[in-house]
Amino acid sequence: MYLIPQPQKLDFHPKQSYTISYDQKIVIHPSCGSDGDIPARLLQKELQDMLGCRLAVTKGSSARTAVLFSMAGSQDGASVPAQGSCRNLSVPSQDSCCTLSVPAQDSCCNLSVPPQNAAGCASGAYRLSVAQDGIRICAGTRAGLLYGAQTLRQVIRQTGGIVPCMDIFDYPAMAHRGYYLDVTRGRIPTPDYLKKLADRLAFYKINELQLYIEHSFLFEGLSEAWRDDTPLTAEDILELDAYCLSLGIELIPSLSCFGHLYKILRTKTCEHLCELEHPRDEPFGFVSRMAHHTIDASNPESLAFVKGLIQQYLPLFSSNHFNIGCDETFDLGKGRSRSRALETGTGRLYLDYVKELCVFLTSQGKIPMLWSDILSHFPQAIQELPEQTICLTWGYGASQDDAVLKQLAQAGARQYACPGVSGWNQMANQLENAYENIRRMCSYAVTHHAIGVLTTDWGDFGHINHPQFSLPGMIYGAAFSWNSQIPSFEDIGRQISRIEYADATETLVQTAARIPLGWESQWGNLIRYKEQVTEGFLEKNPQDIRRQLEALNPLRKQLYSLQPGLPKETRPLIHAYLTALKGIELFALLEIHLCERRAGLAAENAASDNFQLAAELEEWFYEYKKLWRSVSRESELHQIQDVIFWYADLLREGNDSAVF
């Protein structure tokens, strides 16, 4: 049996079991108050989906109790049998949970929670006991009850109504376990998709979610920035915040406040705040968006403008955190702020601006968060920021080291380790890269006493990959930040295939992991070539690309073979992967055409081949648009369309094309 995340302590007794009957009840002990309502309802729905019957939920007690939720400290011994008792379970104060334990007669009596992770354990510890006389979930907090219910849901997905006897005592290694989703540079998900994402996050015990915003919120006074987009609204945020709160997830606002203000600073209204002059003179570019458009930190109006955006956005969230971004300020000191930078130094210019925003947030009762890539160049400056400021330390490589995390820890920073799901710039996520990166960063988080892990999902170059392809990476982050005992890539792949996708062959994730191999930067290559940034990929050997293409057919057949054995809820994912494979194939053929033209190796029938490929690109994109719209608003789909159609038109221009 698989459980994700793996519990800290599990005693399994498979020869004994408890059978859940249709006429039994899910009971919420009075000690829970209203805290047991959501966990009980989630469990009720899981049982209905798996068993076809709907167990009643009640409060108090019942002679036909199948599952009992109770809070530690309950004095009603009759309602909590001694075998599964945790009525004496003491949940410690916020600053310590090293004394958390269960009574001496229980199997977990010697467990103690590591003191360095006390706050997280106090908010998430739970006890799940399955005995021959019933199932008991006991915790000291609402979060613990929820996590116990999520674990039981995973058990039931694999065993049905006959549940093996077991005793689980569990708690998170990290207090803060988050997911970060880019909803600016390409995709803006539908509200329905965001709620389904929250459901999945809660299922794997993630307790924080951030949505990356530059211009993609309907800010008053910024219609010029979002007028060609489909931005999130205040109602969208309020609804999602309430939904996340019900699932034990803190929805944390994240707003670019320094770098990465591309669309805002290219408007007639705000271009005077841009570090570089005349930002509107250049056409839209995916590469330019990533590299430029930092706000002018030397202009007092810049701070006033950004504070105004924060004041609009902040009241929509129940969170006590706010992420101001402030990463990759590549243009700082190179334009309008050059004289100030020469006078004070670029580091001082950066720090003064950031400090002002952090102090502003603390005056609003909020804890500032910011990316630490710039601060890592002068880590001692962290001491000038408000004490509660949290540094978000990122690194996305498969061989990522811990140098920056270590450096900032030594400087006294409170920080999250921030790995990535490795999906940007390509059709399908590099799952092996994501696994290794997340494994390392979660381990470093423990070593350097980080207070959290934030797994990131960026949308560079249009967020072309289907967002559901990032789910394995999200689950890696959830699993490895909860329990520092990390399974192998193959093992966690089997577990995800079974639990998330109900794949009896346990091969879906491993199959998906093979899709992007050899195609890491293909979409990025095409973007850079179109925008005349580089032509380096044209030096590839077309025969090498053709050999890579041959590897796609077995993958396609394997994906098709999985479909009959999957539940109907999972089958659309196979279609999404097949669509991605077709895109990879067409992009590869396009690269071959470009490389051969560059080398003067075009065949005699190249013109007809080019017309055929152009048509196939357009037909594929028609299907891709339907897939996009199934989970995302229109957002920047038109920007991807412009790239596809540019290449289709280029192919039809024939042998006289100057680009070829």
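Conventions and cut-offs
- Residues numbered from 1 in each chain as written.
- Predicted model: local features only at pLDDT ≥ 70, side-chain atom pairs only at ≥ 80, totals over all residues.
- Heavy atoms only, no water.
- Phe/Tyr/Trp six-rings, centres within 6.5 Å; stacked < 30°, edge-to-face > 60°.
- Lys NZ or Arg CZ within 6 Å of the ring centre and 35° of its normal.
- Helix = DSSP H or I, 4+ residues; strand = E, 2+ residues; numbered from the N terminus.
- Polar contact = N/O pair within 3.5 Å; in protein donor to acceptor, adjacent residues only side chain to side chain.
- Contact = heavy atoms within 4.5 Å.
- Axes fitted to C-alpha atoms, helices over the stretch in contact; angles between N-to-C directions.
- Parallel < 35°, antiparallel > 145°, perpendicular 65-115°, else oblique.
- Left-handed = near helix turned anticlockwise from the far one by under 90°.
- Nonpolar A, V, L, I, M, F, W, Y, C, P; charged D, E, K, R; others polar.
- Salt bridge = Lys/Arg side-chain N within 4 Å of Asp/Glu carboxyl O.
- Buried < 20%, exposed > 50% of the residue type's maximum accessible area, 1.4 Å probe, protein only.
- Core = buried A, V, L, I, M, F, W, Y, C linked by side-chain atoms within 4.5 Å.
- Patch = residues over 30% accessible without salt bridge, like charges linked within 9 Å, V, L, I, M, F, W, Y side chains within 5 Å.
- Areas by Shrake-Rupley, 256 points an atom, 1.4 Å probe, with all protein chains shown as cover.

(A) Expanded view of the packing of aromatic side chains. One pass over the structure, following the stated rule, counts 34 aromatic pairs. A connected cluster of aromatic rings, assembled from ring pairs, spans Trp523, Phe587, Trp620, Phe621, Tyr624, Trp628 and Phe645. We note Arg187 situated over the ring of Trp628; from NZ or CZ to the ring centre the distance is 4.1 Å. The ring of Trp482 has Lys205 lying over it, and the distance from NZ or CZ to the ring centre is 5.6 Å.

(B) Local environment of unusual backbone geometry. Geometrically, the link from Ile4 to Pro5 is a cis peptide bond, its omega value of -5° lying close to zero. Within the element layout of this structure, Pro5 appears in the segment before β1 (9-19). Phi angles above zero are rare outside glycine, and Ser635 is one such case at about 40°. You can see Ser635 is positioned in the loop between α21 (606-629) and α22 (637-652).

(C) Broad picture of the side chain of Asp460. Considering the arrangement of structural elements, one finds Asp460 in the loop between β15 (452-457) and α14 (471-482). A distance of 3.4 Å separates the side chain of Asp460 from the side chain of Arg185, its partner in a polar contact. Setting aside its immediate chain neighbours within four residues, Asp460 contacts Asp182, Arg185, Met290, Trp424 and Asn425.

(D) Structural view of the packing of helix α13 (residues 431-447) against α14. Where α13 meets α14, the closest approach of the two axes is 9 Å, and the angle between their N-to-C directions is 20°. Regarding the angle of α13 to α14, the classification is roughly parallel. Viewed along their axes, α13 and α14 form a crossing whose handedness is right-handed. Contacts between α13 and α14 involve Leu431, Ala434, Tyr435, Ile438, Arg439 and Cys442 from the former and Pro472, Gly473, Tyr476, Gly477, Phe480 and Ser481 from the latter. Split into classes, the residues belonging to the contact of α13 with α14 amount to 8 nonpolar, 3 polar and 1 charged.

(E) How the structure looks around the pattern of salt bridges. Counted according to the given criterion, the structure contains 33 salt bridges. Close ionic contact of Arg652 with Glu618 constitutes a salt bridge, the shortest N to O distance being 2.8 Å. With Arg652 in helix α22 and Glu618 in helix α21, the pair connects residues that are 34 residues apart, well separated along the chain. Classification of Arg652 by relative accessible area gives partly exposed; the value is 29%. For Arg629, the salt bridge identified is with Glu634, shortest N-O distance 2.8 Å.

(F) Summary view of the nonpolar core. Residues Ile310, Tyr313, Ile324 and Tyr476 are the most contacted members of the largest nonpolar core, which totals 157 residues. Among the elements that line this core, the one with the most residues is helix α20 (residues 571-599), at 15 residues. Not counting residues within four places of it along the chain, the set of residues in contact with Ile324 comprises Leu255, Ser256, Cys257, Ile310, Val354, Leu357, Cys358, Leu361, Met369 and Leu370. Within the second largest apolar cluster, 31 residues are counted, among which are Cys32, Leu47, Met71 and Ala139.

(G) Spatial organisation of the environment of Leu309. Along the chain, the position of Leu309 falls in helix α9 (residues 300-313). A residue is classified by how much of its surface remains accessible, and Leu309, at 5% relative accessible area, is buried. In sequence terms Leu309 and Glu220 are 89 residues apart; their C-alpha atoms lie 8.8 Å from each other.

(H) Region of the structure containing a nonpolar patch on the surface. On the surface, Met1, Leu10 and Phe12 cluster together to form a nonpolar patch covering roughly 240 Å² of accessible area. Positionally, Leu10 belongs in strand β1. The exposure class of Leu10 is partly exposed, given its relative accessible area of 30%.

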